[in-house]
Amino acid sequence: MSGNRSGHSGHDDKLPIRMLHDRVLVRQETGEGERRSGGGILIPATAAVGRRLAWAEVVAVGQNVRTVEPGDRVLYDPEDRAEVEVRGVAYVLMRERDLHAVAADRFEGSEDSTGLYL
């Protein structure tokens, strides 16, 4: 780490790391456990399902990342992940190309948007 940073007071929400290249750091939105179907049926965590994608929030991106930015909700495959712990919080580190979609929240006001990027 370089010594050109000023004191850490007031910057506790900023992560003490910087993503490189095409890397994206995300925080899972929900724990891996029980979930409910659209009809309200409780599905246990041990229920066998196909490869289920998960939503996460982007918290940091490398300088070569072009399609997502911090705060975006992204869809990714939790089977293909590398976990890292920073300040006691678990994050998932992946390449931008491993993201499957970006939620349309940020793009709703844009006229030339098609919604989700797949």
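All values reported here derive from a predicted model rather than from experimental measurement.

Details of the overall build of the protein chain
- A count of helical and extended segments in the protein chain gives 0 helices and 8 strands.
- Mapped from its N terminus to its C terminus, the protein chain presents α and β elements in the order β-β-β-β-β-β-β-β.
- For the protein chain, the residues scored as buried account for 25% of the 118 residues in total.
- Long-range contacts, defined as pairs at least 24 residues apart, comprise 60% of the intrachain contacts of the protein chain with a sequence gap of at least 6.
- Entry remark: accessible area of the protein chain is about 8,500 Å², with carbon and sulfur atoms responsible for 48%.

As for the packing of aromatic side chains
- Tallied over the entire structure, the rule returns 0 aromatic pairs.
- Stacked on the ring of Trp-55, the Lys or Arg Arg-73 has its end atom at 4.7 Å from the ring centre.

Some details on unusual backbone geometry
- The phi dihedral of His-21 falls on the positive side, at around 50°, and the residue is not glycine.
- Secondary-structure assignment places His-21 in the segment before β1 (23-28).
- You will see that Arg-87, though not glycine, has its phi angle at about 50°, which is positive.
- Positionally, Arg-87 belongs in the loop between β6 (82-86) and β7 (89-95).
- Given a relative accessible area of 48%, Arg-87 falls into the partly exposed group.

Digging into the pattern of salt bridges
- For the structure shown, the criterion picks out 3 salt bridges.
- Its salt-bridge partner being Arg-23, residue Asp-22 comes within 2.9 Å of it at the nearest N-O pair.
- Take Asp-22: its relative accessible area is 18%, and that puts it in the buried class.
- Assessed through its relative accessible area of 27%, Arg-23 is described here as partly exposed.

Section: the sheet that holds β7
- Sheet architecture is open: 6 strands sit in the order β6-β7-β1-β4-β5-β8, paired in antiparallel fashion. The sheet is open, and its two borders are formed by β6 and β8 (99-102), each paired with just one other strand. Between one strand axis and the next, the sheet turns through 45° on average, direction left out of account.
- Sheet topology places strand β5 (residues 73-76) next to β8; 3 bridges connect them, and they run antiparallel. If you follow Leu-75 over to β8, its bridge partner there is Ala-101.

Looking at the pairing of β5
- Here strand β4 (residues 54-61) pairs with β5 via 4 bridges, running antiparallel. Paired with Trp-55 across the strands is Leu-75, a residue of β5.

Looking at the side chain of Asp-22
- With respect to the helices, strands and loops of the structure, Asp-22 is situated in the segment before β1.
- For Asp-22, the side chain forms a polar contact with the side chain of Arg-95, separated by 3.3 Å.

Side note on the environment of Arg-23
- By the element assignment, Arg-23 lies in strand β1.
- C-alpha separation for the pair Arg-23 and Glu-96, spaced 73 residues apart in sequence, amounts to 5.9 Å.

So, how was this worked out
- Residues numbered from 1 in each chain as written.
- Predicted model: local features only at pLDDT ≥ 70, side-chain atom pairs only at ≥ 80, totals over all residues.
- Heavy atoms only, no water.
- Helix = DSSP H or I, 4+ residues; strand = E, 2+ residues; numbered from the N terminus.
- Buried < 20%, exposed > 50% of the residue type's maximum accessible area, 1.4 Å probe, protein only.
- Contact = heavy atoms within 4.5 Å.
- Areas by Shrake-Rupley, 256 points an atom, 1.4 Å probe, with all protein chains shown as cover.
- Phe/Tyr/Trp six-rings, centres within 6.5 Å; stacked < 30°, edge-to-face > 60°.
- Lys NZ or Arg CZ within 6 Å of the ring centre and 35° of its normal.
- Salt bridge = Lys/Arg side-chain N within 4 Å of Asp/Glu carboxyl O.
- Pairing = 2+ DSSP bridges.
- Axes fitted to C-alpha atoms, helices over the stretch in contact; angles between N-to-C directions.
- Polar contact = N/O pair within 3.5 Å; in protein donor to acceptor, adjacent residues only side chain to side chain.

Nothing here speaks to function; it is geometry throughout.
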